[in-house]
Amino acid sequence: MEIISGGVCAAKGFKANGIHCGIRKNKSKRDLALIVSETAANAAAVYTTNLVKGAPLLVTKKHLENGKAQAIICNSGNANTCNANGIEIAEQTCDILADELGISSSDIVVASTGVIGQVMDIAPFKSGIPELVLGLDYGKSAEAAEGIMTTDTKMKEVAVSFNIGGKECKIGGIAKGSGMIHPNMATMLVFITTDCAISSEMLSKALSTDIKTSFNMVSVDGDTSTNDMVVVLANGMAENQEITAEGDDFNEFMKALNTVTVNLCRKIAGDGEGATKLLECNVSGAESLEIAKTVAKSVICSSLTKAAMFGADANWGRVLCAIGYSGAKVDVNKIDVSFKSAKGEISVCENGAGVDFSEEIAKEILLENEIEINVNLNSGCASSTAWGCDLTYEYVKINGDYRT
């Protein structure tokens, strides 16, 4: 398996584009993105658990009932959520795009991201979609990635190549996510494409299994969004024997998928609103996977821990505090904690109690922009990882006037 360039255009038969069509006031910002497969593809998706769901999600769920799709269109700047005509706008968007592409509107995934409760107009779609389609190209993953960004400061894309039955396959993805990121599933927008031949059923199984250890383990601010989803399209153009059951080929596909999703998880967490640091909590020695996941999530979600990491303060007591209220059954007298970065690793807690350590060295370690919080529960063999970011003054500033 190898990391390659190309994002959602790395796999055979996928074109993309991103333009500014007028949804966002800033004309320098792309606000409409498109991904298209040359042929109909098998498809799978997972959606936010928020009871308030954007109109595009409802339309997409209906379109994907048959497990097929050929195109993904997404706008930024307006979430098309809590709008009286939201469903109509989403359906009209699909109809306009279907006419331009010469495909069925039911084969289109539609998505939106941005401000909730803001009136949406079909006019920018009517004028922008023809230009969007005209500019489709096999090398425009970056343009599509830019078109789905909101408060993101960095474009997020990745791709890998892998081998199935002697055939080279590729899988790539783009993502947006900076605020309102909190599990469970899946508070961000992620679009993944692959030329691997895999049935809709197995694709769905792969995605629903993968998110348990990838996107469901990311938290920026504890808020679960209304619009977000992860979608995978598989067009089979790599011409491997179709994966229709579990086995070696399915396992290889799962590894490739997880490589893409974890890479995007780290990019999303590291680009949290106002963030200066990517935080990774690695929990080992747990009695069960559920306990490991619960502990890792609790540490990553702790506002006090996040604030301590922002200040490069080795306040390990905040980590233990987060473990203590997580609800996980752990023996607090067995817990070890260390902090690690490119500058080294330092033990700060052993058997649930503090140990002597150099505050100067600890601060040097915590001043790096990627920090590992390593927790050993010393009670079993299960492990889990969660990703998040520090909590900064800038987060409040961004969200204090996000709408206005």
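Relevant structure appears above.
Described in the following lines is the structure provided in the data block. This structure is a prediction, so every number in the text was calculated from the model and none was measured.

### Some details on the environment of A308
Phase 1 of the analysis: Tracing the backbone through its elements, the reader meets A308 in helix α8 (residues 303-310).
Phase 2 of the analysis: Take A308: its relative accessible area is 2%, and that puts it in the buried class.
Phase 3 of the analysis: For the pair A308 and Q70, spaced 238 residues apart in sequence, the C-alpha to C-alpha distance is 46 Å.
Phase 4 of the analysis: When near neighbours in sequence (up to four residues on either side) are disregarded, A308 contacts D313, N315 and R318.

### A closer look at the state of the cysteines
Phase 1 of the analysis: Taken as a whole and judged by the stated rule, the model has 0 disulfides.
Phase 2 of the analysis: With no disulfide of its own, C169 has C196 as its nearest cysteine by sulfur position, at a separation of 4.2 Å.
Phase 3 of the analysis: With relative accessibility at 0%, the residue C169 sits in the buried group.
Phase 4 of the analysis: Take C349: it sits in no disulfide, and the sulfur closest to it among the cysteines is that of C281, at 13 Å.

### Looking at the pairing of strand β11 (residues 336-341)
Phase 1 of the analysis: Inspection of the sheet shows β11 paired to strand β14 (residues 370-376) by 5 bridges, in the antiparallel sense. In the strand pairing of β14, K340 is matched with E372.
Phase 2 of the analysis: In this sheet, strand β12 (residues 344-350) lies alongside β11 in antiparallel orientation, the contact comprising 5 bridges. Note that in β12 the partner of S341 across the bridge is G344.
Phase 3 of the analysis: Between β11 and β12, which pair antiparallel and follow one another directly, the connecting turn spans 2 residues.

Cut-offs used in this document
Residues numbered from 1 in each chain as written. Predicted model: local features only at pLDDT ≥ 70, side-chain atom pairs only at ≥ 80, totals over all residues. Heavy atoms only, no water. Helix = DSSP H or I, 4+ residues; strand = E, 2+ residues; numbered from the N terminus. Buried < 20%, exposed > 50% of the residue type's maximum accessible area, 1.4 Å probe, protein only. Contact = heavy atoms within 4.5 Å. Disulfide = S-S within 2.5 Å. Pairing = 2+ DSSP bridges.

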